[in-house]
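Reading the structure
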Amino acid sequence: MLRTLSSFACLCLLSWTQPLLGQFTTNGSATSLGNNCYRLTPALTNQGGSAWFNNSIDLNQTFEFYATIFLGCSNGGADGMVFAFQAVNTSVGSAGGGMGYQGINPSLGIEFDTYQNGGSGDPSYDHMALISDGNVSHLGATNLQGPVGIKSNLANMEDCNWHDLHVSWDPVADSLKVYVDCELRIAYQGDIVTNIFNGNPIVFWGFTAGTGALSNLQQFCYSYISYGLDTTICQGDTLGLTVGSGTNYSWAPSAGLNNAASATPLAFPDTTTLYTCTITDQCGFTREEYFQITVNDTVDAFSLGADSSLCPGQTIPYLFSQAGADYLWQNGSTDSTFTINTSGIYWLEIQTGCDTVRDSIDVGMYQVPTVNLGPDLTPCAGDTITLSATNSLAAAYTWQDGSPDSLYEVTNSGLYWVELTHVCGPVRDSVLATFTPQLPVLSLGNDSILCDQLSYPLQPGLAGVNYLWSNNSTAASLTPTQSGLYWLEISNACFSFRDSVDLTFEQTPAIDLGPDTTLCVGDSLLINATFTPTTTYLWQDGLTNPIRNLGGGNFYTLTLNNTCGTATDGILTQSLAPPPSFDLGPDTLICEGEGILLSSGLSGYAYQWQDNSTLPTYSVSQGGIYQLEVSNRCGMSNDSRLINYIAAPEVDLGDDVFLCPSDAIQVDVTWPGSLYSWSDGSTDPIRSLNQAGVYRVVISNSCGVAEDAFEITLGTEPQPFSLGQDQTLCVGDELEWNIEQNGDFQYQWQDGDRLPQKTGDEPGLYWARISNICGEERDSIRLDFVEAVSVYLGADTLMCADRTDRKFLSAYGPEVAAYQWQDGSTGPTLIAEQPGLYTVEVSNACGTALDSIELIPTLCVCAIHAPTAFSPNADGFNDGFVLGYECQIESGTWKVFNRWGQMVFQSNDPTASWDGTQNGRICPEGVYVWVMEFQYMEGDRPQVWQEHGTITLIR
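Residue indices begin from 1 for each chain and proceed along its sequence in written order. This being a predicted model, a pLDDT of at least 70 is required before a residue's local features are given, and a value of 80 or more before pairs of side-chain atoms are given or counted; all residues contribute to the totals for chains, interfaces and linings. In computing side-chain properties, one takes all heavy atoms of the structure into account and sets aside hydrogens as well as water.

**Here we look at the sheet that holds strand 60 (residues 764-772)**
- An order of 56-61-60-58 is seen for the four strands of this open sheet, with the pairing classed as mixed. What marks the edges here is a single partner per strand, and that holds for strand 56 (727-730) and strand 58 (746-749). Across the sheet, the mean angle separating the axes of adjacent strands is 25 degrees when strand polarity is ignored.
- Here strand 56 runs beside strand 61 (residues 775-786); their pairing, made up of four bridges, is parallel. Note on strand 61: the bridge partner recorded for Gln727 is Leu783. By this definition, two strands are paired if DSSP reports at least two bridges between them. A run of H or I in DSSP counts as a helix once it spans at least four residues, and a run of E counts as a strand once it spans at least two, with each numbered from the N terminus. All axes are obtained by fitting lines to C-alpha atoms, using only the stretch in contact for helices, and the reported angles, taken between N-to-C directions, cover 0 to 180 degrees.

**Section: the confidence of the model for the protein chain**
- The quantity called pLDDT is the predictor's confidence in a given residue, expressed from 0 to 100. Here the protein chain averages 87 in pLDDT, while 96% of its residues score no lower than 70.
- Within the model, the stretch residues 1-22 combines pLDDT values under 50 with 52 contacts to residues more than four positions away or in other chains. Contact definition: two residues touch when any of their heavy atoms are within 4.5 Å.

**Comments concerning the state of the cysteines**
- Throughout, a disulfide means two cysteine sulfur atoms within 2.5 Å of one another. Tallied over the entire structure, the rule returns ten disulfides.
- For Cys380, the disulfide goes to Cys494, at an S-S distance of 1.7 Å. Note on the Cys380 and Cys494 pair: the S-S dihedral is about -100 degrees, so by sign convention the disulfide is left-handed. Of this pair, Cys380 sits in the loop between strand 28 (356-365) and strand 29 (385-388) while Cys494 is found in the loop between strand 36 (484-491) and strand 37 (496-506), placing the two residues 114 residues apart along the sequence.
- Throughout this description, buried means an accessible area under 20% of the type-specific maximum (1.4 Å probe, protein chains only), exposed means over 50%, and partly exposed covers the range between. Exposure remark for Cys380: the relative accessible area of 19% places this residue in the buried category.
- What pairs with Cys591 in a disulfide is Cys703, and their sulfur atoms sit 2.2 Å apart. On the S-S bond that ties Cys591 to Cys703, the torsion sits near -95 degrees, and the link is left-handed.

**Topic: the packing of aromatic side chains**
- Here is the rule: rings of Phe, Tyr and Trp (six-membered ring for Trp) pair when centre to centre is within 6.5 Å. Planes less than 30 degrees apart are stacked, more than 60 are edge-to-face, and the remainder are tilted. Inspection of every chain in the model, using the stated rule, returns 41 aromatic pairs.
- Seen in terms of ring centroids, Phe53 and Trp205 are 5.0 Å apart; in terms of plane orientation they differ by 20 degrees. Their pairing is stacked. Highlighted residues: Phe53 in strand 5 (residues 48-53) and Trp205 in strand 15 (residues 202-210), separated in sequence by 152 residues.
- For Phe53, a relative accessible area of 0% translates into the label buried.
- Residue class for Trp205 comes out buried when judged on its relative accessible area of 0%.
- A network of ring pairs unites the aromatic residues Phe24, Tyr38, Phe53, Phe63, Phe65, Phe83, Phe85, Trp205, Phe207, Phe220 and Tyr222 as a single cluster.
- For the cation-ring pair, Arg548 lies above Trp539, with the distance from its terminal atom to the ring centre recorded as 5.3 Å.
- For Arg778, the ring lying beneath its charged end belongs to Trp767, and the centroid distance is 4.6 Å. In this scheme, Lys NZ or Arg CZ marks a charge over a ring once it lies within 6 Å of the ring centre and within 35 degrees of the ring normal.

Structure (structure tokens):
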């Protein structure tokens, strides 16, 4: 059956040949201009732009790229562009001399450098080179080839023209070639996948460009992108192949193709085949594109086997192997191996892309009997335990003594086990039975009273039982130290028994009321004679409490009595009063040189003054607070007295003062105990003064009078001023300023001038400052100057009218504010796509300029006319073979070959005629091949063209 994959062939066309729009990601200053064109940088400084193809490519496949590049119009501009492969992402790029390529690593770049950077090994002409790893220097190992001129006959590529670019990568030969305007400029051979990209063939590709302190308009337009893709078809299918544009196509092998000389043959191979198409392009160069077509066969027959059941732990393993097949199991697994270890329905689907085969299997799981005799047993003496191993899946039972029943009775200690028989094997379990015995006899002894005994040990001495005492202890013995009821409970897993004993600990009485003592009036002495709970107490006055407060001035006795004996003691107490209050006298003011003696008038006590002295009196010779504390063991009394010593006043207002209007001076003439009288009527000791004048002050107290005076003089300060708002002026205009003010001021401008007048006639920041000792005022203004605009589109030129052509027109100027073209567009550039008159008007704040250019239509396509046969028989009709042209041939060479490839005719004259002879000898009849290579003018550009055909010689 023949199946034609028309939809698949369409997909291949879109994948291999990429003339589509919107497939680049732009960064920085880069932007799409439409019609497959991109601007990388405008003609502005410090720009950086990149455009990366959205989809990565595989460098193990062929890559062909055709485009035109525009490197700017300013020969003094910078910096250039780079066509690059890189494995980072579609967002990289930078500005400056690195042409947007600097720092991209790993990468391989083809640079088109239009500026000569020092220290990078750049030649003096516009050049290109093959570089790597984001390094634009030609002095290191990352410079793989070049630099060479971008064109061999053109040193300046910033010529405001578009130039053809062709990049070709052949992974079979590891060959990279770069053509500019049909001229081979770089031919590099090397394993770039291994050496540059560390074995990773998947990369992004695109253009970067940058400007720094200098600028250029840098653009590219692409016309053809080709990269190979492997394809899989089924046996008997037909696939449409498509390659890029050219003038001649040759496919190899030709088997399985309907036309080995077509750009779009149909392929229907029987086996997997690598097709190679050799394409001759418009420049006369050849390239090869590869198409790997894998032909899939049908799925091999397979079986998962018959339905079955598994015992626990059993598995069914599968392993399948068919080249080019895909596998899908019921759980979504796509492995060629699978292991079944649980019950369920399993299926496998194998697909080769051409057909699909499925098989399934139903797997069950045997139920295995389980047996659990339970945990080990600890029954009580006399019990009977029944063990059960009953399970409906068991075929038979066997106990440790050979019994075949499913039940078994246990009456003695020992190990018991049972085994169940099943198709998947025996199942066994066991249990250990240990019977618990009766308890031994327990006795803790009789109740007891213990005099002066510290402890009483209880030690039953029983083995094989658990102990629990009345204090929750589980030890084998207990030693009581206090009176109380004590019990012990012994137990094992089956039985328990308890016994108790009442113990009373008592001591022979002892008492000590302490030494005789003196008590302050109102105080008491607390006595706590508590001994043991069974002890009784008797005081001399008949009271029976063990705790009592004793007052002063008495003799007290206490007797203690219990079953273990009697004890008596006594104590004498006396009374003491605290010191009375006293007066050191009233607070006093004393002049310097006088003295005073302080005393409390009390005797027989302890004394402490404020400085810790301990005499009954204190002599005062300086001001301060004097304190005295009089005390004994029952209390204290205190008093204090303030004594101020004052001196005759003194004052010094200092030197006369100069103040600015916003300043003030602080004056403080404070003197203890004084009055103040100022010449302006103020009576404050502290003043803040900011007015001009003479200030006098008189200070007096009970010990004397002092006076002084000083003068305040006020100055002036500069006033705020304005130079105006920032302005943009036309070249030749200027501004005048006069910032002079009344007063003693200094003036300074940004250039050091000291006059108050200034003229602004240059661009830049102007500032002025007015200052003196009292302050400073400052203002600034920025002036920009704009030149009158100008524009030049270039001289009128020719433009092809018989094929698609483009001319890039630029009206860009650094001071231009607005652009207006004849078609209403307002950008700085315009792409002309047909001949005609193009005008542009540019303007800014200082004027308007107008220019135009005429693109004169001309014929560019050069067609060759050749006859199919001629008869050199001297009959005067059709005796010579002559080529005809539709264009002006500048130069060329043409040759004629016979069927064996031997040249029989050659001429450098495009208009020469071949008469059918070789070196004067008549050539035989037959078909001959002619080849022509010539140069002609395509518009205003010279072009090289190759053409060939056949001619039949008839005699």
